[in-house]
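Commentary on secondary and tertiary structure
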Amino acid sequence: MAYPQVRLRRLRRTESLRSLVRETRLHPESLIYPLFLVPGEGIRKPIPSMPGCFNLSIDEALKEAHECRSLGIGGLLLFGLPAEKDEQGSGAWADDGIVQTGLRAIKADARLCDLLTIADVCLCEYTSHGHCGLIQRTGEGASATYTIQNDASCELLAKTAVSLARAGADIVAPSDMMDGRVAAIRASLDQSGMAETPILSYAAKYASAFYGPFREAADSAPQFGDRRSYQMDGANRREAMREIELDLQEGVDMILLKPAMSYLDILREARDRFDLPIGAYQVSGEFSMLVAAFERGWLERHRTILESLLSIRRAGADFIVTYFAKEAAALMR
Ligand code: PBG
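These numbers come from a predicted model, not from an experiment. (Residues numbered from 1 in each chain as written. Predicted model: local features only at pLDDT ≥ 70, side-chain atom pairs only at ≥ 80, totals over all residues. Heavy atoms only, no water.)

Let's talk about the overall build of the chain
- On a plain count of helices and strands, the chain comes out with 11 helices and 12 strands.
- In terms of overall dimensions, the chain is globule-like: its C-alpha atoms have a radius of gyration of 20 Å, near the 20 Å expected for 333 residues.
- Overall size of the chain, expressed as C-alpha extent along the three principal axes, is 75 × 45 × 45 Å.
- Across the chain, contacts joining residues at least 24 apart in sequence account for 73% of those joining residues at least 6 apart.
- Working note: accessible area of the chain is about 15600 Å², and carbon and sulfur atoms make up 50% of it. (Helix = DSSP H or I, 4+ residues; strand = E, 2+ residues; numbered from the N terminus. Rg over C-alpha atoms; globule rule 2.2 N^0.38 Å. Contact = heavy atoms within 4.5 Å. Areas by Shrake-Rupley, 256 points an atom, 1.4 Å probe, with all protein chains shown as cover.)

Right, here's the structure in full:
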């Protein structure tokens, strides 16, 4: 049968009909809100390239956490800007590190117990050179070359994950893209009595210009070179499937793909191939370009936010990390 017996518009006539047959839905509990923690007190410093986002001292971050909880948001993704950086990024695994301290504060508040805390595991916010792993330098001055030491970096990442889990992270999320880091983290967590802590790996993370605003927010821009020797080439789809497959073999519990909106094909293919939970990260540049258009009156704010998130869900994401989480959750009520 076809037109005129078949008329797809019949089920689009009213909102009740549209709602009945809606295939994809958005829920506050499948949103994750990122926070950038800084040392100090009473600090709420606007991030210029991300209007509406702030660097927050822990007391201010707790206020955000309460707001997220009352909006029904699933959890927080925590990043930290340490007081001092060094070659190794030792602030990442310091017992009194900024995220560790933040985690303890959140966990000490019983009213926040059902808000998930996800700790980003990476070195780039903590290293003086801004790379996600340890650097080896060959040569001197202008002719010096730099390589990232993969296996030594994995050891430090594992140490970082253990320290964050000990401080109360419900989930650890390595975003560095070193080979073998999931296995290293799993082994260290298990040996440290934290066999129950899940790993959410950024399994396929592309070297993307859309991370630009984040690097201002997290003060993590590489001081030389770029991240293309460890993050993925945006041209590669099959390679992303291999990354996911390897993380599965290393014992990952869930994966995160990023960026989201320019990589929806990767998300769909991963969803079709793999049965583990998959999240997508609508990254800083995706947020900022939309906000810039809202500020100019070029796009309708609320509808566009929801449509962007819906497209990510429809492509296959179980959950979404987004700087719009609070605003979107409020719109979903
Ligand atoms: C750290 C990290 C980055 C992002 C998340 N974790 C930056 C990068 O790899 O340069 C980007 C998130 C965003 O842009 O919102 N490795």
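Next, the rest of the story.
A look at the site of the ligand
- Taken together, the neighbourhood of the ligand is formed by 18 residues, with K205, R215, K258, S284 and Y323 sitting nearest.
- Measuring from an oxygen atom of the ligand, one finds a side-chain N or O atom of K205 at 2.7 Å.
- One of the side-chain N or O atoms of K258 is found 3.4 Å from a nitrogen atom in the ligand.
- When the ligand is considered free in solution it has 410 Å² of accessible area, and contact with the protein chains removes 100% of it.
- Looking at side-chain class alone, the shell around the ligand contains 10 nonpolar, 3 polar and 5 charged residues. (Near = heavy atom within 4 Å. Polar contact = N/O pair within 3.5 Å; in protein donor to acceptor, adjacent residues only side chain to side chain. Nonpolar A, V, L, I, M, F, W, Y, C, P; charged D, E, K, R; others polar.)

Focus: the environment of L35
- Residue placement: L35 occurs in strand β1 (residues 31-37).
- On the basis of relative accessible area, L35 is assigned to the buried category, the value being 3%.
- The sequence separation of L35 and A61 amounts to 26 residues, and the corresponding C-alpha distance is 7.3 Å.
- For L35, the residues in contact, after removing those within four places along its chain, are L56, A61, E64, L76, L77, L78 and F79. (Buried < 20%, exposed > 50% of the residue type's maximum accessible area, 1.4 Å probe, protein only.)

Observations regarding the pattern of salt bridges
- Inspection of every chain in the model, using the stated rule, returns 24 salt bridges.
- In this structure, the salt-bridge partner of D114 is R69, at a minimum N-O distance of 3.9 Å. Remark: R69 occurs in helix α2 (residues 58-71) and D114 occurs in the loop between α3 (98-107) and β5 (116-121); sequence separation between them is 45 residues.
- Connected through shared salt-bridge partners, R44, E60, K63, E64, E67 and K326 make up one network. (Salt bridge = Lys/Arg side-chain N within 4 Å of Asp/Glu carboxyl O.)

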